[in-house]
Amino acid sequence: MAQDRIKFRKKKTDPWTTIKQPDESMQFSLETTYSSDSGRVKSGVNYVKPLFTVEQYSYKASDLTKAEAKTLLSFVGKGHKFQMHYFSVYHGAWRTDWFYVGTSSLNIQTLKENQEKMEEISFNITGVNPL
C-alpha cells in the first residue's frame with residue numbers, strides 16, 4: 001500500500017491538493033476550552049468544567065519553492081476553514097476533518113528572479129470540530 005500524505009481542500013467538492021509534506025517532526029496537541037466559571041477556590045482546589053477539546057498540529061516545512069509556498073498560503077493565509085486529510089494521533093488513523101490556521105510565518109531565502117525560494121513556513125493547524 002502506498003504511503004498516505006497530508007492533503008488540503010477548501011470545499012468537500014474540491015479535488016484534494018497534496019501539500020509539501022512537513023519536515024521530519026510534526027507536533028500534536030489537544031486544546032481544551034473551559035467554561036468561564038472554571039477556576040480555583042480559596043482552598044486551592046481547581047474546579048474545571050471542560051466544554052470541548054480540539055486537535056492541533058504544528059506544521060513546519062523547509063526549502064519551499066514559490067509555487068509550494070503559494071499553494072500553502074492559498075489554504076491557510078486568510079483564516080478560512082479547510083478540509084485536511086491527515087494522520088490523527090487521537091484516533092490512531094488517517095482521516096479527514098475541518099481545520100483553520102490563525103497565524104502563519106514564512107522566512108524568505110532569496111528573491112532572485114526565477115530563483116525565488118522560501119527558507120521555511122510554519123503554522124498551527126487547529127481543528128474546527130470538537131473531539
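The sections below set out a description of the structure shown in this document.

Conventions adopted
Residues numbered from 1 in each chain as written. Predicted model: local features only at pLDDT ≥ 70, side-chain atom pairs only at ≥ 80, totals over all residues. Heavy atoms only, no water. Helix = DSSP H or I, 4+ residues; strand = E, 2+ residues; numbered from the N terminus. Contact = heavy atoms within 4.5 Å. Areas by Shrake-Rupley, 256 points an atom, 1.4 Å probe, with all protein chains shown as cover. Lys, Arg positive; Asp, Glu negative; His and termini not counted. Charge placed at Lys NZ, Arg CZ, Asp CG, Glu CD. Phe/Tyr/Trp six-rings, centres within 6.5 Å; stacked < 30°, edge-to-face > 60°. Buried < 20%, exposed > 50% of the residue type's maximum accessible area, 1.4 Å probe, protein only. 1 Å grid on protein atoms, 1.4 Å probe; cavity = no way out; pocket = protein on both sides within 12 Å on 5 of 7 lines; lining within 4 Å. Points joined across faces, edges and corners; volume = space filled by probe spheres on them. Nonpolar A, V, L, I, M, F, W, Y, C, P; charged D, E, K, R; others polar.

**Considerations on the overall build of the chain**
Alright, step 1. In terms of helices and strands, the chain carries one helix and nine strands.
Alright, step 2. Its helices and strands in sequence order give the chain the pattern β-β-β-β-β-β-α-β-β-β, from N to C terminus.
Alright, step 3. In terms of its C-alpha atoms, the chain occupies a principal-axis envelope of roughly 65 × 35 × 25 Å.
Alright, step 4. The contacts in the chain between residues at least 6 apart in sequence include a share of 61% that link residues at least 24 apart.
Alright, step 5. Of the roughly 8700 Å² that the chain leaves accessible, carbon and sulfur atoms contribute 49%.
Alright, step 6. Each charge class in the chain can be summarised by its mean position, and for the 18 positive and 14 negative side chains these summaries are 7 Å apart.

**Here's the deal with the packing of aromatic side chains**
The geometry of an aromatic ring pair is captured by two quantities: the separation of the ring centres and the angle between the planes.
Alright, step 1. Applying the stated criterion to the full structure yields nine aromatic pairs.
Alright, step 2. Relative to Phe-75, the ring of Phe-8 has its centre 5.4 Å away and its plane inclined at 70°; by these criteria the two rings are edge-to-face. One end of the pair, Phe-8, is in strand β1 (residues 7–9); the other, Phe-75, is in helix α1 (residues 66–76), and 67 residues separate them in sequence.
Alright, step 3. Look at Phe-8 and you get buried, because its relative accessible area is 0%.
Alright, step 4. An aromatic cluster is present here, built from Phe-28, Tyr-57, Tyr-86 and Phe-99 joined pairwise through their rings.

**Topic: the layout of surface pockets**
Alright, step 1. Here the largest pocket is characterised by a volume of approximately 220 Å³.
Alright, step 2. What lines the largest pocket is a set of 14 residues, among which Ile-6, Pro-22, Met-26, Phe-87 and Trp-94 lie closest to the centre.
Alright, step 3. Here the lining of the largest pocket is built from residues that sort into 10 nonpolar, two polar and two charged.

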